[in-house]
Amino acid sequence: MRFHLLILLACAPQICASELAAPAAARQCVFVATRGWSDTSGTLRRFSRSSSREPWRAAGPAISVNVGRSGLAWGLGLHTVPSDGPRKVEGDGKAPAGVFRLTAAFGYDEKPAGVSLPYIRGGPDIAAIDDPHSRYYNRIVDRTRIAKPDWNSSEKMRPDSEDYRLGIVVAHNPRAVPRAGSCIFMHLWRGPGRGSAGCTTMPRDAIAELQRWLRPAAHPVLIQAPREFLPVSLR
């Protein structure tokens, strides 16, 4: 399968095809498509290329994933945010739509063999801060290294569940705009059709393979949107 990786083939109102294109530096891209804004499940496909002048090639089979329990909404990333459609806000239960860097892997155990992304090991003192009033908003921190924590809310990176046993950090809202959404990951699901608080979730084998496949030197990105914004060949 060969084609150029532009999200939009036919422009919808206020949306231009180039706005959701993979950056020129990207050599790996993860696509997630849903049927519509309110759907909680979708399909994930992986693509790679050797240079920005080369076409993208499919890498591995398509898999089923879950997104937010309230669907998708435009997030903040590498794309221009369209004027149409829902926009993500803190606590809305929506996963972000758009183009986002994939910056790190994480898990409960030592760094797995074959993983080359920077790795964060979850523990009792590792937290993702989701309090919009904190200066650490939308950051993963080690509480033991912060003299005066200023947050009232945070996401434990090793909760009392298996959710974060394996995962990948999605660089949504990189400038930490207050209330624009925080702590966005790709991680283990709790089963088909069970939407998350705003992350993209999948089976254990799938997230483990994705962790091993992604390479920092390839500048990997996630492109996530309802399928109406995808080329016909990707729907």
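Residues numbered from 1 in each chain as written. Predicted model: local features only at pLDDT ≥ 70, side-chain atom pairs only at ≥ 80, totals over all residues. Heavy atoms only, no water.

Engineer: Outline the overall build of the protein, listing residues and values.
Structural biologist: On a plain count of helices and strands, the protein comes out with one helix and 15 strands. Counting only residues that meet the buried cut, the protein has 51% of its 235 residues in that class. Once local pairs closer than 6 in sequence are excluded, the contacts in the protein between residues at least 24 apart make up 63%. When the accessible area of the protein is evaluated, it comes to approximately 11000 Å², of which 48% is carbon and sulfur surface. (Helix = DSSP H or I, 4+ residues; strand = E, 2+ residues; numbered from the N terminus. Buried < 20%, exposed > 50% of the residue type's maximum accessible area, 1.4 Å probe, protein only. Contact = heavy atoms within 4.5 Å. Areas by Shrake-Rupley, 256 points an atom, 1.4 Å probe, with all protein chains shown as cover.)

Engineer: Please provide a residue-by-residue account of the nonpolar core, values included.
Structural biologist: Residues Val-30, Met-186 and Leu-210 are the most contacted members of the largest nonpolar core, which totals 43 residues. Looking at this core, the elements that each hand over two or more residues are strand 2 (28-34), strand 3 (41-48), strand 6 (72-74), strand 7 (95-107), strand 12 (166-170), strand 13 (185-188), helix 1 (204-213) and strand 15 (221-226). No other element matches strand 7, which puts six residues into this core. Counting residues in each nonpolar core, the second largest holds 11 residues, with Phe-106, Ala-128, Met-157 and Tyr-164 among its members. (Core = buried A, V, L, I, M, F, W, Y, C linked by side-chain atoms within 4.5 Å.)

Engineer: Could you give me a rundown of the environment of Asn-66, with the residues and numbers involved?
Structural biologist: Examined against the element boundaries, Asn-66 turns out to sit in strand 5 (residues 63-66). Considered as a pair, Asn-66 and Met-186 are 120 residues apart in the sequence and their alpha carbons are 9.7 Å apart. The contacts of Asn-66, once residues within four sequence positions are left out, are Thr-40, Ser-41, Trp-189, Gly-191, Pro-192, Gly-193, Arg-194, Gly-195, Cys-199, Thr-200 and Thr-201. A polar contact is formed between the side chain of Asn-66 and the side chain of Ser-41, at a distance of 3.3 Å. Reaching out from Asn-66, the side chain makes a polar contact with the backbone oxygen of Arg-194 at a distance of 3.1 Å. (Polar contact = N/O pair within 3.5 Å; in protein donor to acceptor, adjacent residues only side chain to side chain.)

Engineer: An account of the sheet that holds strand 9 (residues 126-129) is requested, with residue identities and associated values reported.
Structural biologist: As summarised here, the arrangement of the three strands in space is 10-9-11, forming an open sheet in which the pairing is antiparallel. Either end of the sheet is taken by a strand with one partner, and the two such strands are strand 10 (140-142) and strand 11 (154-156). For this sheet, the mean inter-axis angle between neighbouring strands, taken without regard to orientation, is 35°. Relative to strand 11, strand 9 runs antiparallel, the two sharing three bridges. Its bridge partner being in strand 11, Ala-127 is matched across the sheet by Lys-156. (Pairing = 2+ DSSP bridges. Axes fitted to C-alpha atoms, helices over the stretch in contact; angles between N-to-C directions.)

Engineer: Outline the pattern of salt bridges, supporting the account with residue identities and numerical values.
Structural biologist: The tally for this structure, following the rule as stated, stands at nine salt bridges. A salt bridge links Arg-135 to Asp-150, with the shortest nitrogen-to-oxygen separation between them at 3.1 Å. Of this pair, Arg-135 sits in the loop between strand 9 and strand 10 while Asp-150 sits in the loop between strand 10 and strand 11, and the two are 15 residues apart along the sequence. A relative accessible area of 52% places Arg-135 in the exposed class. When salt bridges that share partners are traced, they join Arg-46, Glu-209 and Arg-212 into one network. (Salt bridge = Lys/Arg side-chain N within 4 Å of Asp/Glu carboxyl O.)

Engineer: Can you lay out the side chain of Ser-134 for me, pointing to particular residues and giving the numbers?
Structural biologist: Within the secondary structure, Ser-134 sits in the loop between strand 9 and strand 10. The exposure class of Ser-134 is buried, given its relative accessible area of 7%. Among residues more than four places away in sequence, those in contact with Ser-134 are Ile-129, Asp-150 and Trp-151.

Engineer: Tell me about unusual backbone geometry, and name the residues and values.
Structural biologist: The phi dihedral of Asn-138 falls on the positive side, at around 65°, and the residue is not glycine. Within the secondary structure, Asn-138 is located in the loop between strand 9 and strand 10. Positive phi, close to 50°, is recorded for His-219, a residue that is not glycine. The partly exposed category is assigned to His-219, whose relative accessible area is 45%.

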